[in-house]
Amino acid sequence: MRPYIVAIFNQKGGISKTTTSTNLAACLAAFGKSVVLIDLDSQGDSTKSLGIDPKSRQGIYDLFIAHVPVDEVIQDTVFPGIRVLPSTYSLAGIEIKLSEMQNSQRTLSGILANTPLDCDYVVIDCPPALGILPINALACAHAVIIPVTATPYANDGLLRTLPSIKYVQEGLNKSLLLQGVLFTIHERTKASRKIVDLIRQRLGGTVYRAQIPRDATVIEAATACLPVCVYAPRSPAAAAHLDFTEEFLHRH
């Protein structure tokens, strides 16, 4: 049975894509699921948050460009049930290399189609732009989750991201599902409520009920190179990520 592949994507940066990716993976593992996290962001924050050194000898770049087998790139983590296809610092130059390859938008699809990952879920942390790497993620995913913050600029990012997803749905991946929009770094202010209400009116039940609150513990967890639900499982952010994961599983 093939794993369920979900891409975490927004064209805007700074809206907790990495935090969402790593905590979704950790919470899925806590529910007894096996997970492979694919880190397509050259900053490698998901890789670091799961205890893997981005100075690793091989990573996504080698998988895509040098055609190194997945078995030689994938790494176990200290968390039972979670493995990583890591980002390495060489990933920063991959867009130019991929643009020179034929059918480059489906490179990841081909890799995953020919490699049994032996897991329940694949979570893909995408970089904040509509480049070849995010398109690869969306082209092979069953579903996409859009993290978004309730700010005017983040709302603009959402409005740019939705057409990009539609572009992939109409061409590369007609079965791609927008599984949900997740509010992150959330503050309970009057201005935030207005933006939340606006997006809920526009997208209806696509928006998750769970909201990840602004929580200083998230920054502490990142500094400690841990998902917040592992670093501080009783924190408000950790509890919210668990609620989100339950909702994610229910929708799936």
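Structure's up top.
Sequence order sets the numbering: in each chain, residues are counted from 1 along the sequence as written. Only residues with pLDDT of 70 or above have their local features reported here, since the model is predicted, and side-chain atom pairs are shown and tallied only from 80 upward, although totals for entire chains, interfaces and linings are computed over all residues. Heavy atoms throughout the structure, all of them, feed into the side-chain values; hydrogens and water do not.

**Brief notes about the environment of V144**
To keep things clear, this is the line we draw: Note on conventions: DSSP H or I runs of at least 4 residues are helices, E runs of at least 2 residues are strands, and numbering of each starts at the N terminus. Three labels apply to residues, based on accessible area from a 1.4 Å probe with only protein chains included: buried if under 20% of the type maximum, exposed if over 50%, partly exposed otherwise in between. Here, two residues are considered to be in contact whenever any of their heavy atoms come within 4.5 Å of each other.
Along the chain, V144 turns up in strand β6 (residues 143–148). The class of V144 is buried, set by a relative accessible area of 0%. For the pair V144 and L178, spaced 34 residues apart in the sequence, the C-alpha separation amounts to 5.1 Å. Among residues more than four places away in sequence, those in contact with V144 are A7, F9, L138, I165, L176, L177, L178, Q179 and G180.

**Considering the layout of surface pockets**
To keep things clear, this is the line we draw: We place a 1 Å grid over just the protein atoms. Points where a 1.4 Å probe fits but has no way out form a cavity, open points with protein on both sides within 12 Å along at least 5 of 7 lines form a pocket, and any residue with an atom within 4 Å of a point lines it. Grid points are joined across faces, edges and corners, and a volume is the space filled by probe spheres set on the points. For this classification, the nonpolar set comprises Ala, Val, Leu, Ile, Met, Phe, Trp, Tyr, Cys and Pro, the charged set comprises Asp, Glu, Lys and Arg, and every other residue, Gly included, is treated as polar.
Computed from the structure, the largest pocket encloses a volume of approximately 630 Å³. Lining the largest pocket are 31 residues, with S16, T18, T19, V218 and A222 sitting closest to its centre. Mapped by element, the contributors of at least two residues to the lining of the largest pocket are α1 (17–30), α2 (45–49), β7 (177–186), β8 (207–213) and α10 (216–223). Here the lining of the largest pocket is built from residues that sort into 14 nonpolar, 11 polar and 6 charged. Here the second largest pocket defines a volume of roughly 160 Å³. Around the second largest pocket, the lining residues are R2, P3, I5, S109, L112, A113, T115, L117, C140, A141 and H142. Among the residues forming the lining of the second largest pocket, the class breakdown is 7 nonpolar, 3 polar and 1 charged.

**Structural notes on the pattern of salt bridges**
Our working definition: Throughout this description, the term salt bridge denotes a Lys or Arg side-chain nitrogen within 4 Å of a carboxyl oxygen of Asp or Glu.
The tally for this structure, following the rule as stated, stands at 4 salt bridges. Between D45 and K48 there is a salt bridge, with the nearest N and O atoms lying 3.3 Å from each other. Of this pair, D45 and K48 both sit in helix α2, 3 residues apart, which is roughly one turn of the helix. What makes D45 partly exposed here is its relative accessible area of 31%. One network of salt bridges, with partners in common, ties together R209, E247 and R251.

**Regarding α1**
How we decide: Each helix should span, by expectation, one fewer than its residue count multiplied by 1.5 Å.
With 14 residues, α1 extends 20 Å from end C-alpha to end C-alpha; this agrees with the ideal 20 Å at 1.5 Å per step. Burial analysis of α1 places 13 of its 14 residues in the buried class, the great majority of the element. G32 sits one or two positions beyond α1 and adopts a positive phi of about 90°.

**A word on the packing of aromatic side chains**
Threshold: Classification of ring pairs rests on two measures: the distance between centres of Phe, Tyr or Trp rings, Trp counted by its six-membered ring, which must be within 6.5 Å, and the angle between planes, read as stacked under 30 degrees, edge-to-face over 60 and tilted in between. Whether a charge sits over a ring comes down to the Lys NZ or Arg CZ being within 6 Å of the ring centre and within 35 degrees of the ring normal.
Considering all chains together, one arrives at 4 aromatic pairs under this definition. For the ring pair Y121 and F248, a centre distance of 5.7 Å and an interplane angle of 55° mean the geometry is tilted. One end of the pair, Y121, is in strand β5 (residues 121–125); the other, F248, is in helix α12 (residues 236–251), and 127 residues separate them in sequence. Among the residues examined, F248 registers a relative accessible area of 0% and is labelled buried. Ring centres of Y208 and F244 lie 5.0 Å apart, and the angle between their planes is 85°; on these two criteria the pair is classed as edge-to-face. Within this pair, whereas Y208 is found in strand β8, its partner F244 is found in helix α12, the two being separated by 36 residues in sequence. The structure contains a cluster of three or more aromatic residues connected by ring pairs, namely Y4, Y121 and F248. One cation-aromatic arrangement involves R251 over Y208; the distance from NZ or CZ to the ring centre is 4.1 Å.

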